[in-house]
Amino acid sequence: MKKDIAVFLFDLTGKMAEPWLNAGYECWIVDIQHPESYENQGITDCGNLKKVHANLLRPWLPPFERERIAFVAAFPPCDHLAVSGARWFKGKGLRLLSDSISMFATAAEFCEWSGAPYLIENPVSNIASHWRKSDYRFQPYQFTNFCQEDNYSKLTCLWVGGGFIMPEPSRAQGLDEPDNRIHTCAPGPDRANLRSETPRGFAQAVFEANRSKVKAAA
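Residues numbered from 1 in each chain as written. Predicted model: local features only at pLDDT ≥ 70, side-chain atom pairs only at ≥ 80, totals over all residues. Heavy atoms only, no water.

Caption draft 1: Molecular detail of the overall build of the protein. What the protein contains, in helices and strands, is five helices and eight strands. Going from the N terminus to the C terminus, the protein shows its helices and strands as β-α-β-β-β-β-α-β-α-β-β-α-α. A separation of at least 24 residues holds for 67% of the contacts in the protein among residues at least 6 apart in sequence. Carbon and sulfur atoms make up 50% of the accessible area of the protein, which totals about 11,300 Å². (Helix = DSSP H or I, 4+ residues; strand = E, 2+ residues; numbered from the N terminus. Contact = heavy atoms within 4.5 Å. Areas by Shrake-Rupley, 256 points an atom, 1.4 Å probe, with all protein chains shown as cover.)

Caption draft 2: Region of interest: the nonpolar core. Formed by 52 residues in total, the largest nonpolar core has its most connected members in Phe8, Met16, Trp60, Phe71 and Leu119. For this core, the elements supplying multiple residues, two or more each, are strand 1 (5-9), strand 2 (26-30), strand 4 (49-52), strand 5 (69-74), helix 2 (89-114), strand 6 (118-123), strand 8 (156-161) and helix 5 (200-217). With near-sequence residues (within four places) excluded, Phe8 lies in contact with Met16, Ala17, Trp20, Cys27, Trp28, Ile29, Val30, Phe71 and Ala73. (Core = buried A, V, L, I, M, F, W, Y, C linked by side-chain atoms within 4.5 Å. Buried < 20%, exposed > 50% of the residue type's maximum accessible area, 1.4 Å probe, protein only.)

Caption draft 3: Geometry of the sheet that holds strand 2. The strand order 3-4-2-1-5-6-8-7 describes an open sheet built from eight strands, whose pairing is mixed. The open sheet has two edge strands with one neighbour each: strand 3 (43-46) and strand 7 (136-138). Ignoring which end each strand starts from, the neighbouring axes of this sheet average 20° apart. The sheet contact formed by strand 7 and strand 8 spans three bridges and is antiparallel. (Pairing = 2+ DSSP bridges. Axes fitted to C-alpha atoms, helices over the stretch in contact; angles between N-to-C directions.)

Caption draft 4: Structural context of the packing of aromatic side chains. All told, the structure shown has 13 aromatic pairs when counted by the stated rule. Between Phe8 and Phe71, the aromatic rings sit 6.3 Å apart at their centres with planes inclined by 55°, giving tilted as the arrangement. Of the two residues, Phe8 sits in strand 1 while Phe71 sits in strand 5, which places them 63 residues apart along the sequence. One exposure class covers both Phe8 and Phe71, and it is buried. Where Phe138 meets Phe143, the ring centres are 6.1 Å apart and the plane angle is 70°; that geometry is what we call edge-to-face. Its relative accessible area of 2% is what places Phe138 among the buried residues. (Phe/Tyr/Trp six-rings, centres within 6.5 Å; stacked < 30°, edge-to-face > 60°.)

Caption draft 5: Local environment of the side chain of Asp150. With respect to the secondary-structure elements, Asp150 resides in the loop between strand 7 and strand 8. Once you skip the residues sitting within four places of it in the chain, Asp150 turns out to touch Pro140, Tyr141, Thr144, Pro199, Arg200, Gly201 and Phe202.

Caption draft 6: Structural context of unusual backbone geometry. Of note in the backbone geometry, Phe10 takes a positive phi value of approximately 55° without being a glycine. In the Ramachandran plot, Gln41 falls in the positive-phi region, its phi being about 55° despite a non-glycine side chain. Structurally, Gln41 is set in the loop between strand 2 and strand 3.

Caption draft 7: Summary view of the environment of Glu18. Mapped onto the elements, Glu18 comes out in helix 1 (residues 18-22). The spacing of Glu18 and Arg200 is 182 residues in sequence and 8.4 Å in space, taken between C-alpha atoms. Within polar-contact distance, the side chain of Glu18 engages the side chain of Arg200 at 2.9 Å. (Polar contact = N/O pair within 3.5 Å; in protein donor to acceptor, adjacent residues only side chain to side chain.)

Caption draft 8: Focus on the pairing of strand 2. Among the five residues of strand 2, five are classified as buried, and the element is accordingly described as predominantly covered. Here strand 2 shows two buried faces, one formed by Glu26, Trp28 and Val30 and the other by Cys27 and Ile29. As defined by bridge partners, strand 1 adjoins strand 2 across five bridges and the pair is classed as parallel. By the bridge assignment for strand 2, Ala6 is matched with Cys27. The pairing of strand 2 with strand 4 spans four bridges and is parallel. Following the sheet pairing, Val30 is matched in strand 4 by Val52.

Right, here's the structure in full:
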């Protein structure tokens, strides 16, 4: 069966999906912030891009064969796990911690179930205490050869599997020192989404590193 679908969990913007979409893959981006589309079981059909409204506190299974999945990426919310907010952990309470772990578990279970190369992204967090240590860490500025606009710092951890290939850093020459835009992002209703957007350079690098493996398995 042809592996022609890429799945992206907890993904509102679709930036991680762009390289796969541009290469002709059918891409499913799943997030509770997508339109509810009651008449279509929560699916907004935009051609090869499917936007799925789903509460990923609970497991989600797609309406297509698992064997068609070529790649999976997941970005579970880090609000109550990131060590940068450790000083507020006690005030958050057990329910919020439980919800964050449940969403991470949804991501991990789907990724393992898919059998495809996958990554789960989170900032430095205490998920290592609940599951396992991350496999890789990266900074957006390490992939500025793919997108010079990503010349900023944001240390990010990756948990990977299914034969995922981590791309080698490819940094553009002649740029200024990376800026700190993520940590200086102004407060507002879109702050969390802006801070969690996938760097386009990293997304392209991951696609370039893993598409040959996907083709070989098809």
